[in-house]
Amino acid sequence: MKIIFGFLATILIVSLAPFSYASDPSPLQDFCVAVSDSASAVFVNGKFCKNPNMVVADDFFLPGLNKPGNTSNAVGSRVTPVNVNQLPGLNTLGISAVRIDYAPYGLNPPHTHPRATEILVVLEGTLYVGFVTSNPANPAMKNKLFTKYLNPGDVFVFPEGLIHFQFNVGKTNAVAFAGLSSQNPGVITIANAVFGSDPPINPVVLTKAFQVEKNVIDYLQAQFWSNIG
Ligand SMILES: *[C@@H]1O[C@H](CO)[C@@H](O)[C@H](O)[C@H]1NC(C)=O
C-alpha cells in the first residue's frame, strides 16, 4: 500500500512539474507570429498569434544586422537585439539573437538574462569574458568566476541566469553575435538595477548590502545609468 501511495505521489509530482518550468514553453503549432493587441484583456504567455493565413515571409525576416551599433556611451558597447519585439515570427519558438559592438576597451557590463542561456561567437577583436556562479550551497565557499580570452571564431556559453560580462581588451573595435534560448531573454544590468532604479533603493539598504559608507552609495546613485541594449 505504501509503495503504491509513493508511486501515485511520484506520478502527481511529475505531472505537475511542467507548470514550474522557467523557460519558454515549447511551440504548440508550426509558428505563432506575434501581433500587438494591448487593448485585449486576454492574457497569453508570450504574444498573440497572427492568423496563419495572413502570415508572410517578412514575419520571419529582419535586415540590418550588418550595421554596427552606436558605442558612443559611458561603457563603449551596444547590444542590438533580435527578439520577439523586433522579429514577431520568433513568438513561442524559444530563441533569439543579438549583435554586440564594442569600441576599443568597450565593456558589456555585468548583467544577467533571467530567461535564457547565451551562446556567443566572436567575429572581430579580442574579448575578455566571464560569468559567476550562483551562491554555493556551502556558505564558506565563494561564488566561482569562470573567464576566458576570446578571439575571432571562438565560442563561449553563459549559462541561464548567471551574471556575465564581455570586455574588449584590444585597441580595435570588436564584434560578436549571440544566440539566446528565449524569444524574450530579458536583461538585468546589475549596476543599473541596483544603483539606477526608479525610484532609488533606500541607501540604508545599499550601505548594508555593499558594506560601504553612505557617501559611496550617494555617489553611485547620482550617476547616469543608461542601458546599452
Ligand atoms: C551615437 O550616439 C551619440 C550619443 O548618443 C550621438 O551623439 C551620435 O550622434 C550617435 N552617432 C550616430 C552615428 O548615430
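Residues numbered from 1 in each chain as written. Predicted model: local features only at pLDDT ≥ 70, side-chain atom pairs only at ≥ 80, totals over all residues. Heavy atoms only, no water.

1. Concerning the overall build of the protein
Next, step 1: In terms of helices and strands, the protein carries four helices and twelve strands.
Next, step 2: Per-residue burial for the protein yields a buried fraction of 29% across its 229 residues.
Next, step 3: Relative to all contacts within the protein whose residues are 6 or more apart in sequence, the contacts with residues 24 or more apart total 73%. (Helix = DSSP H or I, 4+ residues; strand = E, 2+ residues; numbered from the N terminus. Buried < 20%, exposed > 50% of the residue type's maximum accessible area, 1.4 Å probe, protein only. Contact = heavy atoms within 4.5 Å.)

2. Digging into the pairing of strand 9 (residues 155–158)
Next, step 1: Residues of strand 9 alternate between two faces, with Phe156 and Phe158 buried on one and Val155 and Val157 left unburied on the opposite face.
Next, step 2: Bridge count for strand 6 (residues 118–124) against strand 9 is four bridges, and the pairing is antiparallel. Bridge pairing in strand 9 links Glu118 to Phe158. (Pairing = 2+ DSSP bridges.)

3. Overview of the sheet that holds strand 3 (residues 77–82)
Next, step 1: The five strands are arranged 3-4-11-6-9 in an open sheet whose pairing can be described as antiparallel. Looking at which strands have only one partner, the edges of the open sheet turn out to be strand 3 and strand 9. In this sheet, neighbouring strand axes are inclined to one another by 20 degrees on average, regardless of whether the strands run parallel or antiparallel.
Next, step 2: Two elements, strand 4 (residues 96–102) and strand 11 (residues 174–180), share seven bridges in a ladder whose sense is antiparallel. Across the sheet, the residue bridging to Ser96 is Leu180, located in strand 11. (Axes fitted to C-alpha atoms, helices over the stretch in contact; angles between N-to-C directions.)

4. Here we look at the UniProt feature "binding site: Mn(2+)" (unreviewed entry) in the protein
Next, step 1: Under the local residue numbering, the UniProt record ascribes the feature "binding site: Mn(2+)" (unreviewed entry) to His111, His113, Glu118 and His164. These annotated residues cover 54 residues of sequence, and their C-alpha atoms all fall within 11.9 Å of one another, placing them together at a single site.
Next, step 2: Mapped onto the fold, His113 is located in the loop between strand 5 (107–112) and strand 6.
Next, step 3: When neighbours within four sequence positions are excluded, His113 is seen to be in contact with Glu118, Glu160, Gly161, His164, Leu180, Pro185, Gly186 and Val187. (UniProt positions renumbered as here; feature names shortened; annotations may be inferred.)

5. Brief notes about the packing of aromatic side chains
Next, step 1: Counted under the stated rule, the structure contains eight aromatic pairs.
Next, step 2: Here Phe31 and Phe60 contribute two aromatic rings whose centre-to-centre distance is 5.3 Å and whose plane-to-plane angle is 75 degrees, an arrangement assigned as edge-to-face. With Phe31 in the loop between helix 1 (2–16) and strand 1 (34–35) and Phe60 in the loop between strand 2 (48–49) and strand 3, this residue pair connects regions lying 29 residues apart in the sequence.
Next, step 3: Take Phe60: its relative accessible area is 39%, and that puts it in the partly exposed class.
Next, step 4: A network of ring pairs unites the aromatic residues Phe131, Phe146, Phe156 and Phe158 as a single cluster.
Next, step 5: Across the ring face of Phe146, the terminal group of Lys144 is positioned such that the distance to the ring centre comes to 5.4 Å. (Phe/Tyr/Trp six-rings, centres within 6.5 Å; stacked < 30°, edge-to-face > 60°. Lys NZ or Arg CZ within 6 Å of the ring centre and 35° of its normal.)

6. What to know about unusual backbone geometry
Next, step 1: Put simply, Asp198 and Pro199 share a cis peptide bond, and its omega is 0 degrees.
Next, step 2: Mapped onto the fold, Pro199 is located in the loop between helix 2 (190–195) and helix 3 (203–210).
Next, step 3: Even without glycine at this site, Gln211 takes up a positive phi of about 55 degrees.
Next, step 4: Locating Gln211 in the fold gives a position in the loop between helix 3 and helix 4 (214–221).
Next, step 5: According to the relative accessible area criterion, Gln211 is exposed, its value standing at 68%.

7. Focus: the state of the cysteines
Next, step 1: In this structure the tally under the stated criterion is one disulfide.
Next, step 2: Through a disulfide, Cys32 is tied to Cys49; the S-S separation comes to 1.7 Å. Its torsion about the S-S bond being -85 degrees, the disulfide of Cys32 and Cys49 is classed as left-handed. Residue Cys32 is found in the loop between helix 1 and strand 1, and its partner Cys49 is found in strand 2; the two are separated by 17 residues along the sequence.
Next, step 3: Residue classification places Cys32 among the buried residues on the basis of a relative accessible area of 2%.
Next, step 4: Look at Cys49 and you get partly exposed, because its relative accessible area is 44%. (Disulfide = S-S within 2.5 Å.)

8. Observations regarding the packing of helix 3 against helix 4
Next, step 1: As a packed pair, helix 3 and helix 4 sit with axes 9 Å apart at the nearest point and diverge in direction by 115 degrees. Judged by the angle between their axes, helix 3 and helix 4 are roughly perpendicular. Taken as a pair, helix 3 and helix 4 cross one another with a handedness that is right-handed. On the side of helix 3, the interface is formed by Pro203, Leu206 and Thr207, while helix 4 contributes Lys214, Ile217, Asp218 and Gln221.
Next, step 2: Of the residues assigned to the contact of helix 3 with helix 4, the class counts are three nonpolar, two polar and two charged. (Parallel < 35°, antiparallel > 145°, perpendicular 65-115°, else oblique. Left-handed = near helix turned anticlockwise from the far one by under 90°. Nonpolar A, V, L, I, M, F, W, Y, C, P; charged D, E, K, R; others polar.)

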